[in-house]
Every structure is written in C-alpha cells, then in structure tokens.
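# Topology and contacts: notes
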Amino acid sequence: MTETTPQRRPRHKRPPTIHDVAAHAGVSRGTVSRVLQGGHNVSPASQEAVNAAIRKLGYVVNRAARSLVTQRAGSVAFLLSETQDRFFADPNFTTLLRGCTQALAEHDIPLVLITAGTEAERRRITPFLSGHHVDGVLLISSHRGSPMVEHLRRAELPFVCCGKPLGQRGKVSYVAADDHEGAKDMVRYMLESGRRRVATIAGPQDSPGGVERLAGYREVLAEHGLAPDDRLVAIGDYSWASGESCMHELLTRAPDLDAVFVASDLMAGGALAAIERTGRSVPGDIAVGGFDDSPVASTARPPLTTMRQPWDRISETMVRQLLAQIDGEGPATVILPTELVVRESS
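Residues numbered from 1 in each chain as written. Predicted model: local features only at pLDDT ≥ 70, side-chain atom pairs only at ≥ 80, totals over all residues. Heavy atoms only, no water.

## Some details on the overall build of the chain
Of the regular secondary structure elements, the chain holds 14 helices and 12 strands. Seen through its C-alpha atoms, the chain measures out along the principal axes to roughly 95 × 65 × 45 Å. For the chain, buried positions account for 50% of its 346 residues. The long-range share in the chain, meaning contacts at least 24 apart out of those at least 6 apart in sequence, stands at 69%. Total accessible area computed for the chain in this model is approximately 17700 Å², and 52% of it derives from carbon and sulfur atoms. Averaging the coordinates of the 39 positive side-chain charges in the chain and doing the same for the 40 negative ones gives two points 8 Å apart. (Helix = DSSP H or I, 4+ residues; strand = E, 2+ residues; numbered from the N terminus. Buried < 20%, exposed > 50% of the residue type's maximum accessible area, 1.4 Å probe, protein only. Contact = heavy atoms within 4.5 Å. Areas by Shrake-Rupley, 256 points an atom, 1.4 Å probe, with all protein chains shown as cover. Lys, Arg positive; Asp, Glu negative; His and termini not counted. Charge placed at Lys NZ, Arg CZ, Asp CG, Glu CD.)

Right, here's the structure in full:
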C-alpha cells in the first residue's frame, strides 16, 4: 500500500494593512492616516507615495476600525418619506438617488437607501437613526406634518431636505428648484403663445412643489387680467393615474380649456392619455406643459414641453451641504433656477 502525503490547504493571503502601506511608501503610519482623512499637513510627495502604495497593494480602508477612532459611521442615508411603490414609479427619485450616490462617491462615502412612507417603516428606522448608524441624512419628499424632520432634530443628526420643508419652525437646511418662478415661466409661455383658457393639475398641497407651483400659476393669470376659475384647477398626487383622472375631471368641468400646466411630467403623461381618449389633439386643441424634465418628458407622445429641474446640481449641493453640517457648519438654504424646455406638446 502506498503512503500518500496529505495535501496542505492553500494559505489565504492576508489583506494589506495600514502598516504595509506605510512601509511600502516609506512614511509613518500617522502620515498614511492623515492622507486617508483628507491629506491635511501632508507634503505632496508623501501624499503621492501613499496613494501609489494604496493602489499597488490594493489596500481597502477598514471602516469599522476608522469609526472607532473618528466616532463616525462613515455613511449617509438617502431617506425617502414615500412608499416603496412610489420610489420605483417616479423617475425623479431614482435620478436623485443616482446623483447623490455619485457625489458621495467622490468622498468615498457609501449611501444607505431607506424608505419611510408608512408608520410601520418609520417605527423600524427610528432606532437605526437614533443610534447614529449614519452620519447624516438626505431627506427626500418632505410633506407638511412629516414627523421625520422633528425626529432627525431630536436624534441630533445632520440633515438636508430636498425641497423647502413646509410648516417647520427654526432653521432647516434645504436645496430646492425654484418651483414658483418655474411655474410662472411655463404659464406665461402658454399665454404668450395665444392660449386663453389655461388649466392646471397641481401637486399635493402638503408638498412644497404642490404649493409653490399652484401659486405661480395663479400669479401669472392675475398678471394677465384673468379671473381665477376653480373649474380650471385640479389637485393630483404626482402619479400617472392622478394626472389621468384629474385631466378627465378638468375636461368635464371646462371642455373649452385650451392648455394645461401639469405640476409633474409623470402626471402630464397621464393627462396626455386622457386627452387622447377624448379625440382631442395635442397641441392643436390643447397644449400641455409639465415640470421636471424627467425621462417621461422626452419619451411622451408628443414629446413634452416642460420645466427642467437641475437634478445634478440639486444632488451635488445637497451632498455638499450635508458634509459641511457633519463637519460642524450650520444649516443653509439654496434655491436653484429652472429652465423652460420647449418640445412638441406646447
């Protein structure tokens, strides 16, 4: 019987440590730490040597170890105060998520997606947020009366809202598109194009976009000497279905309307479907304008005239403000301009 030699299991190569990086770069461990924390008080030559060693060795930061030293979680939450089905249905949310993820990637900070559209979801996330498992929160879609703002304050977590929060006391950091002026630009464009019976499908009146865009619509009508007419106003919830039902309601109440400003592209898509079912043409019989310049606008039939929100700038500015708060700065507000994009629907 032949004797076999037992095979040895291959030894797994251990991952490189900060000490390996320091030895390879010819610098101290403290220098490597300062490079990893932003490069303060490090010479350009040492910083380049450390970065070259990191690339060559494939060093990956141990976030758990770093958090013990810095007392930070090293991550940020994208907190959506809407239900999960709205997140997947509305392209604006995924556009914001992508932009914020890219902006944070430049700082090597991962993003945690959290939905809090129901009371049960809010109860589940409360301990997570109160335990500071993230360093800050990007709060998306804050409705009037939403408990999330007050909860984040009590938890003493830095946060930035997307859109102007309604009914909040004290200073709140937010970044918003200019909903009011954007609505005015759209309605003014419709009237100056010869339309005289301009209706609107407004957003929910517990949201900043819903309130500000409806106010802008009414202001421009007053500027042109047109009396307010409640038959020309319907309130939706930013969904395709509500745009469709609101458009049907408006056509029933005011069949002579010749234009409609819709407070979101998704609702405008529903409005186009409702108009088509009546046999009317767009823009021949009824001009349609949206708001957002989401992917829905360019794929609609006909392509949708809309107000473009600067999504990239909104994302970048929210991230910049949040990181500044995490570093100890106070709340700040930024309102960014919108842009009229003319296509075939108006």
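## A word on the sheet that holds strand 5 (residues 174–177)
Taken in spatial order, the six strands line up as 2-1-3-4-5-11 in an open sheet, and their pairing is parallel. The outermost strands of the open sheet, each flanked by one partner alone, are strand 2 (111–115) and strand 11 (333–336). Geometrically, the sheet is characterised by an average inter-axis angle of 15° between neighbouring strands, direction not taken into account. Sitting on the sheet, helix 7 (residues 119–130) is in contact with strand 1 (76–80), strand 2 and strand 3 (137–140), with an inclination near 150° to strand 2. (Pairing = 2+ DSSP bridges. Axes fitted to C-alpha atoms, helices over the stretch in contact; angles between N-to-C directions.)

## Quick look at the packing of helix 2 (residues 29–36) against helix 3 (residues 44–57)
Helix 3 packs onto helix 2 with a crossing angle of 85° between their chain directions and a minimal axis gap of 10 Å. In terms of axis orientation, helix 2 runs roughly perpendicular to helix 3. Residues Thr31, Val32, Val35 and Leu36 of helix 2 form the contact with helix 3, whose own contacting residues are Ser46, Gln47, Val50, Asn51 and Ile54. A class-by-class count of the residues in the contact of helix 2 with helix 3 yields five nonpolar, four polar and no charged. (Parallel < 35°, antiparallel > 145°, perpendicular 65-115°, else oblique. Nonpolar A, V, L, I, M, F, W, Y, C, P; charged D, E, K, R; others polar.)

## Examining helix 3
For helix 3, with 14 residues, the first-to-last C-alpha span of 20 Å sits near the 20 Å given by 1.5 Å per residue. Taken together, the buried positions of helix 3 are Val50, Ala53 and Ile54. Looking down the long axis of helix 3, one finds its buried residues gathered within 100° of arc, a one-sided arrangement. Exposed residues on helix 3 whose side chains face more than 90 degrees from its buried face are Pro44, Ala45, Arg55 and Lys56. Where helix 3 is buried, its residues touch helix 1 (18–25) and helix 2. Positioned one or two residues after helix 3, Gly58 has a phi angle of 70°, which is positive. (Expected span 1.5 Å × (residues − 1). Arc of directions from axis to C-beta.)

## Observations regarding the pattern of salt bridges
Taken as a whole, this structure holds 18 salt bridges when the rule is applied. With its nearest N and O atoms 4.0 Å apart, the salt bridge here joins Arg86 to Glu82. Here Arg86 matches Glu82 in class, with each residue buried. One salt bridge connects Arg213 with Asp179, and the closest N-O pair in it is separated by 2.7 Å. Taken together, the residues span a long stretch of sequence, with Arg213 in helix 10 (residues 208–223) and Asp179 in helix 9 (residues 179–192) at a distance of 34 residues. The buried category is assigned to Arg213, whose relative accessible area is 7%. Note on Asp179: relative accessible area 9%, which makes it buried. (Salt bridge = Lys/Arg side-chain N within 4 Å of Asp/Glu carboxyl O.)

## Structural notes on the sheet that holds strand 9 (residues 287–289)
In a beta sheet, neighbouring strands are held together by backbone hydrogen bonds and run either parallel or antiparallel to one another. Taken in spatial order, the four strands make up an open sheet running 7-6-8-9, and their pairing is parallel. Two strands lie at the open edges of the sheet, namely strand 7 (233–235) and strand 9, each paired on one side alone. Going from strand to strand, the sheet's axes swing by 15° on average, the running direction of each strand aside. Relative to strand 7, strand 6 (residues 198–202) runs parallel, the two being bridged by three bridges. In the sheet register, Thr200 faces strand 7, and the bridge partner there is Val233. Where helix 10 meets the sheet, its contacts fall on strand 6, strand 7 and strand 8 (259–262), and the angle it forms with strand 6 comes to roughly 170°.

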